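Close look at the chain arrangement
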Amino acid sequence: MSNLFDKRKTVRRYTDEPVPKEVILDVLRDAQKAPSWANSQPWEVYVATGETLERLRKAYLEAYDSQQAPDDSDMPKPKAWPDYLQERMNASYARVFEQSGISRDDEKARAENWRNNFAFFNAPVAAFLCLDRSLTEWSTLDVGIYAGNLMLAATQHGLGSTPAASSVSYPHLLREILEIPEHHRIIVGIMMGYEDKNHPYNRPSSIRVPVEETIHFRGL
Ligand SMILES: Cc1cc2nc3c(=O)[nH]c(=O)nc-3n(C[C@H](O)[C@H](O)[C@H](O)COP(=O)(O)O)c2cc1C
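Computed from a predicted model, the values in this text were never measured in an experiment.

Below, the discussion takes up the site of the ligand. In the region of the ligand, 13 residues are neighbours, and Thr 10, Arg 12, Asn 117, Ala 165 and Ser 206 sit closest. One of the side-chain N or O atoms of Asn 117 is found 2.9 Å from a nitrogen atom in the ligand. For the ligand, a nitrogen atom lies 3.1 Å from a polar atom in the backbone of Pro 163. For the ligand, the protein covers 64% of the area, taking 630 Å² as the surface of the free molecule. The residue makeup of the shell around the ligand, split by class, is four nonpolar, five polar and four charged.

What follows is the structure, given as structure tokens:
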């Protein structure tokens, strides 16, 4: 499996092995090659590791365990997803649980699995992608392209990665501990590290709908 696109997947549990600073920098240098509006490179990336990440992880788990409601997000979700997307999402959740060995009625295992999100999947590196508040959807698109580059760069350099909306559930903690100013909108977190290949959370393999379902060919 040499193709980067086949190799990348969402890793949901990492080993304790720290990532050398040089490897993190190599990944970030490659991600930086992402295209953007007039080469504006609008992403502002806060990379947390070591003691700082441990403080953040502890604060997130305390918030989760005390059932603190998520803060208002800088990235609102739709009120409802269109039915055909909701169906895809439901099928995807069911597949992930089934392949992770978690049964539908095992609430304890499901809660533990969700809590793993707030432990940042035990990742040794967490990158939070932000954007100046004055910018528009064009720049949010640039950050999305950057995020894709970052995850493929991680794969290229032997790391697993996790895009995680759950990781931005408590922006007030991110702002406090990572010193993210108010004028930086927090878009998404991407965790990185070495995949724990023996962990059941890493068993799932995702599938995609056929291209004909999402591509509207005209003239081909
Ligand atoms: C913006 C975004 C947010 C995501 N948030 C989460 C999350 O909070 N928790 C999680 O386990 N996976 C999360 N994912 C991962 C998706 O579930 C995953 O990409 C999808 O199921 C396809 O699987 P694959 O990445 O292994 O191909 C997120 C992905 C994206 C792009």
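Glancing now at the packing of helix H3 (residues 50-65) against helix H5 (residues 107-118). The angle between the axes and the distance between the axes are what describe a pair of packed helices. Two elements in contact, H3 and H5, have axes separated by 9 Å at closest approach and are oriented at 140 degrees. Contacts from Arg 57, Tyr 60, Leu 61, Tyr 64 and Asp 65 in H3 reach Ala 111, Trp 114, Arg 115 and Phe 118 in H5. Tallied by class, residues from the contact of H3 with H5 come to six nonpolar, no polar and three charged.

As a further point, take helix H7 (residues 171-178). Counting buried residues in H7 gives six out of eight residues, a clear majority hidden from the surface. Listed in full, the buried residues belonging to H7 are Pro 171, Leu 173, Leu 174, Arg 175, Ile 177 and Leu 178.

Bringing helix H2 (residues 21-31) into the picture now. Of all the residues in H2, the buried ones are Val 23, Ile 24, Val 27, Leu 28 and Ala 31. What you see down the axis of H2 is that its buried residues fit within an arc of 135 degrees, all on one side. Where H2 is buried, its residues contact strand S1 (44-49), strand S2 (125-132), helix H6 (137-156) and strand S4 (184-193).

Scoring rules and cut-offs
Residues numbered from 1 in each chain as written. Predicted model: local features only at pLDDT ≥ 70, side-chain atom pairs only at ≥ 80, totals over all residues. Heavy atoms only, no water. Near = heavy atom within 4 Å. Polar contact = N/O pair within 3.5 Å; in protein donor to acceptor, adjacent residues only side chain to side chain. Areas by Shrake-Rupley, 256 points an atom, 1.4 Å probe, with all protein chains shown as cover. Nonpolar A, V, L, I, M, F, W, Y, C, P; charged D, E, K, R; others polar. Axes fitted to C-alpha atoms, helices over the stretch in contact; angles between N-to-C directions. Helix = DSSP H or I, 4+ residues; strand = E, 2+ residues; numbered from the N terminus. Contact = heavy atoms within 4.5 Å. Buried < 20%, exposed > 50% of the residue type's maximum accessible area, 1.4 Å probe, protein only. Arc of directions from axis to C-beta.

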